[in-house]
Amino acid sequence: MIASLLGDHGIAEQASPTPRDNAPVPASTSETRLVPGAYDGVFNAICHAAASSGMTVTLADPAAGMIQMSTSMGLATWGENLTAHLRPLPTGVEVTLSSALKFGLVDWGKNRQNIETLFGIIARPPAGAWHPDPSGRHELRWWDGTRWTDTVSDRGQVSADVQ
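In this text, all values refer to a predicted model and were calculated from it rather than measured experimentally.

1. Focus: the packing of helix H2 (residues 39-52) against helix H3 (residues 110-123)
Okay, step 1: Between H2 and H3, the shortest axis-to-axis distance is 9 Å and the interhelical angle comes to 125 degrees. Viewed along their axes, H2 and H3 adopt a mutual orientation that is oblique. The chirality of how H2 crosses H3 is right-handed. Contact with H2, carried on its side by Ala45, Ile46, Ala49, Ala50 and Ser52, involves Leu118, Ile121 and Ile122 of H3 and no other residues of that element.
Okay, step 2: Taken together, the residues of the contact of H2 with H3 break down into 7 nonpolar, 1 polar and no charged.

2. Observations concerning the sheet that holds strand S3 (residues 66-70)
Okay, step 1: Judged by pairing direction, the sheet is antiparallel, and its 5 strands sit side by side in the order S1-S5-S4-S3-S2 without closing on themselves. Of all strands in the sheet, those with a lone pairing partner are strand S1 (28-35) and strand S2 (56-61), marking the two edges. Strand-to-strand twist in this sheet, taken as the mean axis angle between neighbours without regard to direction, amounts to 15 degrees.
Okay, step 2: Relative to strand S5 (residues 92-101), S1 is paired through 8 bridges, and the arrangement is antiparallel. Residue pairing for S5: Leu34 is matched across the bridge by Glu94.
Okay, step 3: The sheet strands contacting H3 are S1, S3, strand S4 (80-89) and S5, and the helix crosses S1 at an angle near 15 degrees.

3. Here we look at unusual backbone geometry
Okay, step 1: Backbone geometry at Arg155 places phi at a positive 50 degrees, although glycine is not the residue there.
Okay, step 2: Among the secondary structure elements, Arg155 is positioned in the loop between strand S8 (148-154) and strand S9 (157-160).

4. Describing H3
Okay, step 1: Between its terminal C-alpha atoms H3 stretches 20 Å, which fits the 20 Å expected from 14 residues at 1.5 Å a residue.
Okay, step 2: Buried residues in H3 make contact with S1, H2, S3, S4 and S5.

5. What about the side chain of Thr149?
Okay, step 1: Mapped onto the elements, Thr149 comes out in strand S8.
Okay, step 2: Separated by 3.3 Å, the side chain of Thr149 and the backbone nitrogen of Thr151 make a polar contact.
Okay, step 3: Dropping the residues within four chain positions of it, Thr149 is found in contact with Arg141, Trp142 and Asp144.

About the cut-offs
Residues numbered from 1 in each chain as written. Predicted model: local features only at pLDDT ≥ 70, side-chain atom pairs only at ≥ 80, totals over all residues. Heavy atoms only, no water. Axes fitted to C-alpha atoms, helices over the stretch in contact; angles between N-to-C directions. Helix = DSSP H or I, 4+ residues; strand = E, 2+ residues; numbered from the N terminus. Parallel < 35°, antiparallel > 145°, perpendicular 65-115°, else oblique. Left-handed = near helix turned anticlockwise from the far one by under 90°. Contact = heavy atoms within 4.5 Å. Nonpolar A, V, L, I, M, F, W, Y, C, P; charged D, E, K, R; others polar. Pairing = 2+ DSSP bridges. Expected span 1.5 Å × (residues − 1). Polar contact = N/O pair within 3.5 Å; in protein donor to acceptor, adjacent residues only side chain to side chain.

Here's what the structure looks like:
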């Protein structure tokens, strides 16, 4: 009856929402990646990444392979709870990061941003260290914390890379 009254008055009738239109917005996000390196180094890197991103580490248990973190409330969010689960493998450490809203239904992309921020920080080589040369021309190259330098090492001999 109401639909026919609305139709009679020139108001366009809207189609019923489809299940796709009513799909719930996920209030949590998880992602698993393989992080190269030793277990202790990756564990510490995640704790450091959380702190440098303004998160609070609420639990860090290396024996259980779990780190719990929390973000504070902001203009668009009540904050998020994050968990990292680590599993050592022969080729590195499997890290599963999960981010979930503390309260609410819409995450406004914040959970994905939290995960990308943490993985982005732990993927960076630490400052002031020798690493395998990304160009492949030498065994090792010095990373100064912001860029790859021209200082290289082959079989223990340090030299400057002549490009």
